Amino acid sequence: DIFKNEGLLAFWKGNSAAVARVVPYMSVTFACYEEYRSQLQALGLQKQQSSLAAGSAAGVTAVVLTYPLDLVRAAMAKPNCQYVSMVDALR
């Protein structure tokens with residue numbers, strides 16, 4: 001149905017936004033994890049506990065900061081999307 005109505009490229013709609021979201025998401029996750037882990041260990045948490053808490057907090061931080069890009073990805077992936085680019089969807 002998608003192929004008939006929108007063509008082959010419709011299967012990759014929203015992919016550019018998804019790829020653009022991965023770089024900041026992973027960067028924030030990595031940077032925050034290291035900072036949170038060192039701060040939690042300085043507070044006296046054991047290594048395993050601080051790693052678990054830091055990983056969880058870093059993941060939440062990254063999701064919160066990159067959520068607008070995920071909304072753009074979802075909007076661009078919808079059938080009959082009127083956006084032609086990420087910049088267009090962000091406006």
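Just so you know, these numbers come straight off a predicted model, no measurement behind them.

A.B. asks: In this structure, what is going on with the overall build of the protein? I would like to understand it.
C.D. replies: Within the protein, the regular secondary structure consists of four helices and zero strands. Relative to its length of 91 residues, the protein is extended, with a C-alpha radius of gyration of 18 Å against a globular reference of 12 Å. Expressed as lengths along the three principal axes of its C-alpha atoms, the size of the protein is roughly 60 × 25 × 15 Å. Here the protein, with 91 residues, has 21% of them falling under the buried criterion. Partitioning the contacts of the protein with sequence separation of at least 6, the portion at a separation of at least 24 is 57%. For the protein, the exposed surface amounts to about 6500 Å²; the carbon and sulfur share of it is 63%. Looking at charge distribution, the protein has the averaged site of its 8 positive side-chain charges lying 2 Å from that of its 6 negative ones.

A.B. asks: For this particular structure, what's the right way to read the pattern of salt bridges?
C.D. replies: Two side chains carrying opposite charge are able to pair once their charged atoms lie near each other. With the rule as written, the count across this model stands at three salt bridges. Among the ionic pairs, Asp-70 bridges to Arg-21, the shortest N-O distance being 3.8 Å. With a gap of 49 residues between them, Asp-70 in helix H3 (residues 47-77) and Arg-21 in helix H2 (residues 15-42) connect regions that are remote in the sequence. Taking the shortest distance from any N to any O, the salt bridge between Arg-37 and Glu-34 comes out at 2.9 Å.

A.B. asks: Whenever I open this one, a nonpolar patch on the surface confuses me. Can you help?
C.D. replies: On the surface, a nonpolar cluster with roughly 700 Å² of combined accessible area is contributed by Ile-2, Phe-3, Leu-8, Leu-9, Phe-11 and Trp-12. Within the secondary structure layout, Phe-11 lies in the loop between helix H1 (2-6) and H2.

A.B. asks: Whenever I open this one, the packing of H2 against H3 confuses me. Can you help?
C.D. replies: Packed helices, taken two at a time, are described by their axes: the angle between them and the distance between them. Closest axis-to-axis distance for the H2/H3 pair is 7 Å, and the angle between their directions is 160°. Between H2 and H3, the crossing angle belongs to the class labelled roughly antiparallel. Viewed along their axes, H2 and H3 form a crossing whose handedness is right-handed. Considering only residue class, the contact of H2 with H3 consists of 20 nonpolar, nine polar and five charged.

A.B. asks: Even after reading the chapter, I still don't get the confidence of the model for the protein, so can you show me in this structure?
C.D. replies: Low pLDDT means the predicted coordinates in that region are not meant to be read closely. Considering every residue of the protein, the mean pLDDT works out to 88; 99% of them sit at 70 or more. For the protein, the element scoring lowest by mean pLDDT is helix H4 (residues 86-90), at 80; H3 scores highest, at 93.

A.B. asks: Would you explain the environment of Gly-55 in this entry?
C.D. replies: Residue placement: Gly-55 occurs in helix H3. Separated by 21 residues in the primary sequence, Gly-55 and Glu-34 place their C-alpha atoms 8.8 Å from one another.

Definitions and limits used
Residues numbered from 1 in each chain as written. Predicted model: local features only at pLDDT ≥ 70, side-chain atom pairs only at ≥ 80, totals over all residues. Heavy atoms only, no water. Helix = DSSP H or I, 4+ residues; strand = E, 2+ residues; numbered from the N terminus. Rg over C-alpha atoms; globule rule 2.2 N^0.38 Å. Buried < 20%, exposed > 50% of the residue type's maximum accessible area, 1.4 Å probe, protein only. Contact = heavy atoms within 4.5 Å. Areas by Shrake-Rupley, 256 points an atom, 1.4 Å probe, with all protein chains shown as cover. Lys, Arg positive; Asp, Glu negative; His and termini not counted. Charge placed at Lys NZ, Arg CZ, Asp CG, Glu CD. Salt bridge = Lys/Arg side-chain N within 4 Å of Asp/Glu carboxyl O. Patch = residues over 30% accessible without salt bridge, like charges linked within 9 Å, V, L, I, M, F, W, Y side chains within 5 Å. Axes fitted to C-alpha atoms, helices over the stretch in contact; angles between N-to-C directions. Parallel < 35°, antiparallel > 145°, perpendicular 65-115°, else oblique. Left-handed = near helix turned anticlockwise from the far one by under 90°. Nonpolar A, V, L, I, M, F, W, Y, C, P; charged D, E, K, R; others polar. pLDDT = per-residue confidence, 0-100.

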